[in-house]
Structure formats: structure tokens, C-alpha cells
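Listed here are the chains, written in short residue letters.
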Amino acid sequence: MDKTHLVDEVTGHRRMRRNRKADWTRRMVQENRLTVDDLIWPIFLVPGTGIVDPIAAMPGISRMSVDKAVEAVKEAADLGIPAIATFPDIEMELRDETGSNSLVADNLINQATAAIKKAVPNIGIITDVALDPFTSHGHDGILRDGVILNDETVDQVVRAAVMQADAGSDIIAPSEMMDGRIGAIRRGLDAAGHQDVGIMSYATKFSSGFYGPYREAINTSGLLKGDKNSYYISPANGTEALRDAALDVEEGADMLMVKPGLAYLDICWRIKEAFGLPTYAYQVSGEYSQIKAAAMNGWIDGDRIMMETLLCFKRAGCDGILTYFAMDVARKLARNG
Ligand SMILES: NCc1[nH]cc(CCC(=O)O)c1CC(=O)O
């Protein structure tokens, strides 16, 4: 060995770069892979027909009327995406203090579920039961005298969940973070004969600035008074998030979700390790938009970072990712074989 180099003999026996030397070695040692099966595609719904309405704060993403959503979901199913998640942007006139439209059997979200189920029976439909798309104040629950009422909200969310299941929803995903909601939804679904409808808990939903563009997408940004700190988890707290998830597991959650994603990979890992349940991350609107914005400015390679971030969720223990990039990724994966 050339004695002029400072790398000693021991180091020479432990060369990590041997396994990185060629494309074939790198493929042999690759620990995690992103496949189309890992993708859940969130979509935004609007009333009407023939509408595809671009969301300014989320370049490349549009609100769709039910007919257009059906077409898009068909394409998603053809690409092999296993499931979608729907979020309605309903008329302002229908929004009120208690979010009563969430209890209308053929409201926008349920209409979409029924139409999609009929046209695309093989894709999974995940529906959120939080009240924020339906309230005039943009909060996820019932607001009285400046307080979000826990138990009243849970009662309403359970009824909404049963209606969503009646419409054909496969997985109820409550994102409103009220205490006791998972057990209550499970009991409500079972009592209504929906034993096979699953629950994906937004187990650890953090009070986050990353939700900004979503609020534009469903038009709640102008409505929201105050913040959601009295029900979402503080970004400062990891152990509290684990306790919250533990309750959801005890109450009967089938799957757990961490939201937002990238800044919370430690939570993904801890949750997967602690409970071993199927665990998902939601790469939320702000995460999507910041990648898009930087890419549009030519500052980063958007495609590369899309694939990198999603792969990192897999490394962090996630079984899948809700991502607005789902269609782009699925097309890319289909092209690359
Ligand atoms: N129940 C609320 C809800 N459902 C989905 C998102 C965020 C999704 C995203 O940012 O992509 C939020 C957050 C919020 O408005 O506080």
C-alpha cells in the first residue's frame, strides 16, 4: 500500500464505497424501494360538472367536479395506485356553525364516493370526517363560545362516518383530533353493519404551517379564526404524539398516519417501531408546494426531490404516503418499468 496516503490499513479493509462502485452493486444493496403500491392520491372536489379548476398555491393540482374526478381516478387505477383520499370544497352558502352539510347523505364527498365506487370499483376510497370543509369558521369541530367541543364533535363525526360508509367509503380517516373518536367511529360503523370499513387514524396530526395551500384549495383560509392548537399536537412534542397514537391503537385503528410528513420522520419511525401497524405519512400541501415552487424557479430538481422525499418515507418505516405527487410518480414508475 502506498505509505504516503493517510488512510490506514484498517480503514482500507472497511471501504464502504466498494458497494457503491457501480449501478449493479448499488441495486444489490438497496434497502428500500418506492413502488406504485405505496401511493395514496389526495384529490379535491368541487360541485358542478366538467370542472377542472387549478389551485394557484398548488401548481399542477386542480379541484375537480365529480365527473372529472371519476375520469382522473380511473387513470389512477390504471396506473396501479391502490387508493385515493377525497377532500371537498363545498359552496360557501352550505357552510355553517356546526358543519351540518357533513350530515347530508348525498353531499359532495358522498356523491363522489358513490360515483367513483361505481365507475372504478377496484380502487380504495379513503374519506376524512373532519368538519372543516363544512364549517363557516374553518375549524374541524363544533365551535361554541370560542371552544371546540370534543364530545359533540365526536357524535357528529360518527354519524358522518356512517354516511360516508353507506356511500361506499372503504376507509374512514378522521383528521379532527378529537379525543375518543376512533373508538366511537368503530362502534358506530359496527352498529351500522360496516364491520369491513377500516379506520385510518390521522393519529399524530401536528399543528403545522405546512397546511397553508390546502386551506386555499378548500377555501377555508379566509374563514379560520384563531388556530387549531387546542386540538392538533404541538410540533415540539414527540412523546405526546406517541401517547395519542397509542390511544388510537387501543380504540381500534387499523392504520396510523403521521401528518405532515417530512419534518416528522422521527414520529413515523417511532410509531412504526412502537405499534407495528400499517403506518402512512401525509406529504401535505405545503410540502408539495415548496418543492414545486423551488423547482419552477430552477433552484432544485423537482422530479429528483419528489422521488427522494418519497423514498425517505419508506426508509423511515412508512408503508405508504399520501402525496399530491402520486400521479406524477406513478407515471414515472410506469415509464421506468
Ligand atoms: N381536517 C383538516 C385537514 N384535512 C387535510 C388537511 C391538510 C392537508 C394538506 O395540507 O395537504 C387539513 C389541515 C387543516 O386544514 O388544518
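Keep in mind the model is a prediction, meaning the values are calculated, not measured.

A. Representation of the side chain of Ser208 in the model. Along the chain, the position of Ser208 falls in the loop between strand E9 (198-205) and helix H7 (212-217). A relative accessible area of 13% means that Ser208 is categorised as buried. Engagement of the side chain of Ser208 in a polar contact is seen with the backbone nitrogen of Phe210, the distance being 2.9 Å.

B. The packing of helix H5 (residues 150-167) against helix H6 (residues 181-191), seen in detail. Packing of H5 against H6 brings their axes to within 9 Å, and their N-to-C directions diverge by 45 degrees. On the basis of the axis angle, H5 is oblique to H6. Both H5 and H6 take part in a crossing whose hand is right-handed. Between H5 and H6, the contacting residues are Val154, Val157, Val158, Ala161, Val162 and Ala165 on the first element and Arg181, Ala184, Ile185, Gly188 and Leu189 on the second. Within the contact of H5 with H6, the residues separate by chemical class into nine nonpolar, one polar and one charged.

C. Quick look at the nonpolar core. With 101 residues, the main nonpolar core has Trp41, Phe44, Ile116, Ile185 and Met200 as its most contacted residues. Setting aside chain neighbours within four positions, we find Ile185 in contact with Val129, Val157, Val158, Ala161, Ile172, Pro174 and Ile199.

D. Here's a closer look at a positive patch on the surface. A cluster of basic side chains, namely Arg15, Arg17, Arg18, Arg20 and Lys21, defines a positive patch on the protein surface. In this structure Arg18 comes out as partly exposed when scored by relative accessible area, which is 42%.

E. Structural context of the pattern of salt bridges. Evaluated as defined, the whole model comprises 17 salt bridges. Here Arg181 ties to Asp248 by a salt bridge, and the two come within 3.7 Å at their closest N and O atoms. Taken together, the residues span a long stretch of sequence, with Arg181 in helix H6 and Asp248 in helix H8 (residues 239-251) at a distance of 67 residues. An identical accessibility class is assigned to Arg181 and Asp248; each is buried. Here Arg186 makes a salt bridge to Asp190, at a shortest N to O gap of 2.9 Å. Of this pair, Arg186 and Asp190 are both found in helix H6, four residues apart, which corresponds to roughly one turn of the helix.

F. Expanded view of the packing of helix H11 (residues 302-315) against helix H12 (residues 326-335). At their nearest, the axes of H11 and H12 sit 11 Å apart, and the two run at 95 degrees to each other. Classed by the angle they form, the pair H11 and H12 counts as roughly perpendicular. For the pair formed by H11 and H12, the contact residues are Asp303, Met306, Met307 and Leu310 on the first element and Asp328, Val329, Lys332 and Leu333 on the second. Tallied by class, residues from the contact of H11 with H12 come to five nonpolar, no polar and three charged.

G. Spatial organisation of the site of the ligand. Near the ligand there are 17 residues, and of these Ser175, Arg215, Lys259, Ser285 and Tyr324 occur at the shortest range. One of the side-chain N or O atoms of Tyr214 is found 3.0 Å from a nitrogen atom in the ligand. At 2.6 Å from an oxygen atom of the ligand is found a side-chain nitrogen or oxygen belonging to Tyr324. Burial of the ligand by the protein amounts to 100% of the accessible area it has alone, namely 400 Å². In terms of residue class, the shell around the ligand is made up of eight nonpolar, two polar and seven charged.

H. Inspection of helix H10 (residues 285-296) at higher detail. Its twelve residues place the ends of H10 16 Å apart at the C-alpha level, agreeing with the 16 Å of an ideal helix rising 1.5 Å per residue. Regarding H10, the residues found buried are Ser285, Gly286, Glu287, Tyr288, Ser289, Ile291 and Ala294. Where the residues of H10 are buried, they touch H7, strand E11 (279-283) and H11. Of the residues flanking the end of H10, it is Gly298, one or two places downstream, whose phi is positive at about 75 degrees.

I. Seen up close, unusual backbone geometry. Of note, the amide linkage connecting Lys259 to Pro260 takes the cis form, showing an omega dihedral of -10 degrees. Tracing the sequence through the fold places Pro260 in the loop between strand E10 (255-259) and helix H9 (265-275).

J. Layout of the packing of aromatic side chains. Applying the stated criterion across every chain yields a total of twelve aromatic pairs. Here Phe44 and Tyr324 contribute two aromatic rings whose centre-to-centre distance is 5.7 Å and whose plane-to-plane angle is 10 degrees, an arrangement assigned as stacked. One end of the pair, Phe44, is in strand E1 (residues 39-45); the other, Tyr324, is in the loop between strand E12 (320-323) and H12, and 280 residues separate them in sequence. Residue Phe44 shares its accessibility class with Tyr324, and that shared class is buried. The interplanar angle of 90 degrees and the centroid separation of 6.1 Å between the aromatic rings of Tyr211 and Tyr232 together place this pair among those described as edge-to-face. Of this pair, Tyr211 sits in the loop between E9 and H7 while Tyr232 sits in the loop between H7 and H8; the two residues are 21 residues apart in sequence, bridging distant segments of the chain.

K. Quick look at the pairing of E9. Most of E9 is tucked away, with eight of its eight residues classed as buried. Considered for its hand, the β-α-β crossover made up of strand E8 (residues 171-173), H6 and E9 is right-handed.

L. Inspection of a nonpolar patch on the surface at higher detail. Together, Trp24, Met28 and Val29 make up an exposed nonpolar region whose accessible area comes to about 360 Å². By the secondary structure assignment, Trp24 is in helix H2 (residues 23-29). Classification of Trp24 by relative accessible area gives partly exposed; the value is 49%.

Analysis parameters
- Residues numbered from 1 in each chain as written.
- Predicted model: local features only at pLDDT ≥ 70, side-chain atom pairs only at ≥ 80, totals over all residues.
- Heavy atoms only, no water.
- Helix = DSSP H or I, 4+ residues; strand = E, 2+ residues; numbered from the N terminus.
- Buried < 20%, exposed > 50% of the residue type's maximum accessible area, 1.4 Å probe, protein only.
- Polar contact = N/O pair within 3.5 Å; in protein donor to acceptor, adjacent residues only side chain to side chain.
- Axes fitted to C-alpha atoms, helices over the stretch in contact; angles between N-to-C directions.
- Parallel < 35°, antiparallel > 145°, perpendicular 65-115°, else oblique.
- Left-handed = near helix turned anticlockwise from the far one by under 90°.
- Contact = heavy atoms within 4.5 Å.
- Nonpolar A, V, L, I, M, F, W, Y, C, P; charged D, E, K, R; others polar.
- Core = buried A, V, L, I, M, F, W, Y, C linked by side-chain atoms within 4.5 Å.
- Patch = residues over 30% accessible without salt bridge, like charges linked within 9 Å, V, L, I, M, F, W, Y side chains within 5 Å.
- Areas by Shrake-Rupley, 256 points an atom, 1.4 Å probe, with all protein chains shown as cover.
- Salt bridge = Lys/Arg side-chain N within 4 Å of Asp/Glu carboxyl O.
- Lys, Arg positive; Asp, Glu negative; His and termini not counted.
- Charge placed at Lys NZ, Arg CZ, Asp CG, Glu CD.
- Near = heavy atom within 4 Å.
- Expected span 1.5 Å × (residues − 1).
- Phe/Tyr/Trp six-rings, centres within 6.5 Å; stacked < 30°, edge-to-face > 60°.
- Right-handed = clockwise from strand over helix to strand, strands pointing away.

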